Amino acid sequence: MGFLGIIEELFHEYKSKQNAVVGVVVEPIQSEGGDVHGSSKFFQNLQKLTKQNGAALLIDEVQTGLGATGKFWAHEHFNLPESPDIVTYAKKFQTAGYFAKAEYQPKQPYRIFNTWMGEPAKLLILDAILETVNQENLIENTRKVGDILLNGLKDLNRQYPHLILNVRGRGTFCAFDMPDALVRDKFLAQMRNAGIQIGGCGNVTIRFRPALVFAEKHAYIVLDKISEVAKRM
Ligand SMILES: Cc1ncc(COP(=O)(O)O)c(C=O)c1O
């Protein structure tokens, strides 16, 4: 059974327990889980399914938001017939928050209010960041550099097919798998020793999360270092 089938069964299961599902939370690219991508069709059908079941669709853009995938929001890649009901954001946005359609907004102010609410002054920093992103065309930059990074990783997959597997990505939000966790962790350590700070996610995945100013020249440095390290492993 596909993932949508499983989700549909869960809707039925909870309904039969008189405990209807109020919403579905999904990342456009499942990040900590190992950079798992879903197709546009999957997300379009997921939106249809949530609507049929009267549940909200919340898209978590905490890692993917603000340009990393080559669009401002990663869910813009999916051509959804309408906006998600709720979108959450944080990290690059300096402050955490959410957008919601009118029907999902709390009726009273400060219904969600606590010590983690953040610092309003961060919005001034965010304003400057957004201005810079626009002025310096950083999302377009991410798209172009992302193509170079992804194609370079695909070349490395052809060169080291026993080591660099399942290359994938959107914009500079790229990833590949390694044969197992031990090899992945050794590779990460050797990349750090070679001067490249890079991260892992899931059990066997290497993930790229460069800043929006990551340029063509940086992509070539990283690709060369990956090749150097892979050759030694
Ligand atoms: C995709 C995603 N959503 C949300 C969060 C943050 O969640 P919380 O603020 O509850 O720790 C993270 C943190 O890394 C994340 O990666």
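Only a predicted model underlies this, so the values are computations on that prediction, with no experimental measurement involved.

Enquirer: Would you take a moment to explain the overall build of the protein for this structure?
Expert: Secondary structure summary: the protein contains 6 helices and 10 strands in total. Projecting the C-alpha coordinates of the protein onto the three principal axes gives extents of approximately 60 × 45 × 35 Å. The buried share of the protein, taken over its 233 residues, is 42%. Across the protein, every contact between residues at least 6 apart in sequence was considered, and the portion connecting residues at least 24 apart equals 64%. Accessible surface for the protein amounts to roughly 13300 Å². Of this, 54% is attributable to carbon and sulfur atoms.

Enquirer: How should the sheet that holds strand β7 (residues 165-170) be read in this particular structure?
Expert: The strands making up a sheet associate through hydrogen bonds between their backbones, and the pairing can be parallel or antiparallel. If you walk across this open sheet you meet the 4 strands as β7-β8-β10-β9, and the pairing is antiparallel. In this open sheet, the two edge strands, each paired with only one partner strand, are β7 and β9 (199-201). The average angle at which neighbouring strand axes cross in this sheet is 25°, direction not considered. Here strand β8 (residues 173-177) runs beside strand β10 (residues 205-207); their pairing, made up of 3 bridges, is antiparallel.

Enquirer: How should I be thinking about the site of the ligand in this particular structure?
Expert: Taken together, E27, D60, V62, Q63 and K91 make up the full set of residues near the ligand. Contacts to the ligand include Q63, whose side-chain N or O atom sits 2.8 Å from an oxygen atom. With respect to the ligand, the side chain of K91 contributes an N or O atom lying 2.8 Å from an oxygen atom. Relative to its free-state accessible area of 390 Å², the ligand is covered by the protein chains to the extent of 44%. Classifying every residue of the shell around the ligand gives 1 nonpolar, 1 polar and 3 charged.

Enquirer: Teacher, can you tell me more about the pairing of strand β5 (residues 86-89) here?
Expert: Side-chain direction in a regular strand flips from residue to residue, so the side chains alternate between the two faces of the sheet. Residues of β5 alternate between two faces, with I86 and T88 on one and V87 and Y89 on the opposite face, all of them buried. Both strand β4 (residues 56-60) and β5 contribute to a ladder of 3 bridges, which runs parallel. Bridge assignment links D60 to a residue of β5, and that residue is T88.

Enquirer: Please clarify how the pairing of β7 should be interpreted in this entry.
Expert: Relative to β8, β7 is paired through 4 bridges, and the arrangement is antiparallel. In the sheet register, R168 faces β8, and the bridge partner there is A175.

Enquirer: Teacher, can you tell me more about the packing of aromatic side chains here?
Expert: Aromatic rings in a pair are described by how distant their centres are and how their planes are angled relative to each other. In this structure the tally under the stated criterion is 11 aromatic pairs. Measuring from ring centre to ring centre gives 6.4 Å for W73 and Y89, while their planes differ by 50°; the resulting arrangement is tilted. Here the residue W73 occupies a position in the loop between β4 and β5, and Y89 occupies one in strand β5, the gap between them amounting to 16 residues. A relative accessible area of 15% means that Y89 is categorised as buried. An aromatic cluster of at least three residues, connected via ring pairs, comprises F72, W73, Y89, F93 and F99. The positively charged end of R209 is found above the aromatic ring belonging to F173, 3.6 Å away from the centroid.

Definitions and cut-offs
Residues numbered from 1 in each chain as written. Predicted model: local features only at pLDDT ≥ 70, side-chain atom pairs only at ≥ 80, totals over all residues. Heavy atoms only, no water. Helix = DSSP H or I, 4+ residues; strand = E, 2+ residues; numbered from the N terminus. Buried < 20%, exposed > 50% of the residue type's maximum accessible area, 1.4 Å probe, protein only. Contact = heavy atoms within 4.5 Å. Areas by Shrake-Rupley, 256 points an atom, 1.4 Å probe, with all protein chains shown as cover. Pairing = 2+ DSSP bridges. Axes fitted to C-alpha atoms, helices over the stretch in contact; angles between N-to-C directions. Near = heavy atom within 4 Å. Polar contact = N/O pair within 3.5 Å; in protein donor to acceptor, adjacent residues only side chain to side chain. Nonpolar A, V, L, I, M, F, W, Y, C, P; charged D, E, K, R; others polar. Phe/Tyr/Trp six-rings, centres within 6.5 Å; stacked < 30°, edge-to-face > 60°. Lys NZ or Arg CZ within 6 Å of the ring centre and 35° of its normal.

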